[in-house]
Amino acid sequence: MKIIQILPLFALAAIVAGCTQDQQNQLSRKVVELLDSDYRVTYANGPTTKSWTIKNGKVTTSDKGYYYFWDDQKHYVQVPIENTFIEELDH
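Residues numbered from 1 in each chain as written. Predicted model: local features only at pLDDT ≥ 70, side-chain atom pairs only at ≥ 80, totals over all residues. Heavy atoms only, no water.

1. Quick word on the sheet that holds strand S5 (residues 76-80)
Point 1. Strand order in the open sheet formed by three strands is S3-S4-S5, with antiparallel pairing between adjacent strands. The two strands at the open ends of the sheet, each matched to only one other strand, are strand S3 (60-61) and S5.
Point 2. The pairing of S3 with strand S4 (residues 66-70) spans two bridges and is antiparallel. The residue of S4 that forms the bridge with Thr-60 is Tyr-68. (Pairing = 2+ DSSP bridges. Helix = DSSP H or I, 4+ residues; strand = E, 2+ residues; numbered from the N terminus.)

2. Considerations on the side chain of Asp-38
Point 1. Mapped onto the elements of the fold, Asp-38 is located in strand S1 (residues 37-45).
Point 2. For the buried residue Asp-38, which engages in no salt bridge, the nearest side chain bearing the opposite charge is Lys-55, 5.2 Å off.
Point 3. In terms of polar contacts, Asp-38 uses its side chain to reach the backbone amide nitrogen of Asn-56, at 2.6 Å. (Buried < 20%, exposed > 50% of the residue type's maximum accessible area, 1.4 Å probe, protein only. Lys, Arg positive; Asp, Glu negative; His and termini not counted. Salt bridge = Lys/Arg side-chain N within 4 Å of Asp/Glu carboxyl O. Polar contact = N/O pair within 3.5 Å; in protein donor to acceptor, adjacent residues only side chain to side chain.)

3. Examining the nonpolar core
Point 1. Listed in full, the nine residues of the largest apolar core are Tyr-39, Val-41, Tyr-43, Trp-52, Ile-54, Tyr-67, Phe-69, Val-77 and Val-79.
Point 2. Counting residues per element, the ones that place at least two in this core are S1, strand S2 (48-57), S4 and S5.
Point 3. Examining the composition of this core, we find that three residues originate from one element, S1, more than from any other. (Core = buried A, V, L, I, M, F, W, Y, C linked by side-chain atoms within 4.5 Å.)

Right, here's the structure in full:
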């Protein structure tokens, strides 16, 4: 890589390093908003199968073992990570 290509990356890293934790979190949330997409989330366990569609949204998780998201009908959904499959839908 040429130095001219790397220089903007170093500048961005220096700016982010100089931000407070709150400013870094806000920047991170903005980047995630740009990466929102359409997904199909399917929970399958034995005879039980349930699917949800997420339009221009995201699926998040925590260390508690669940996926969290808002479906296309604006319902808040929480499903166990185990037996749950996430696929990104083509636009």
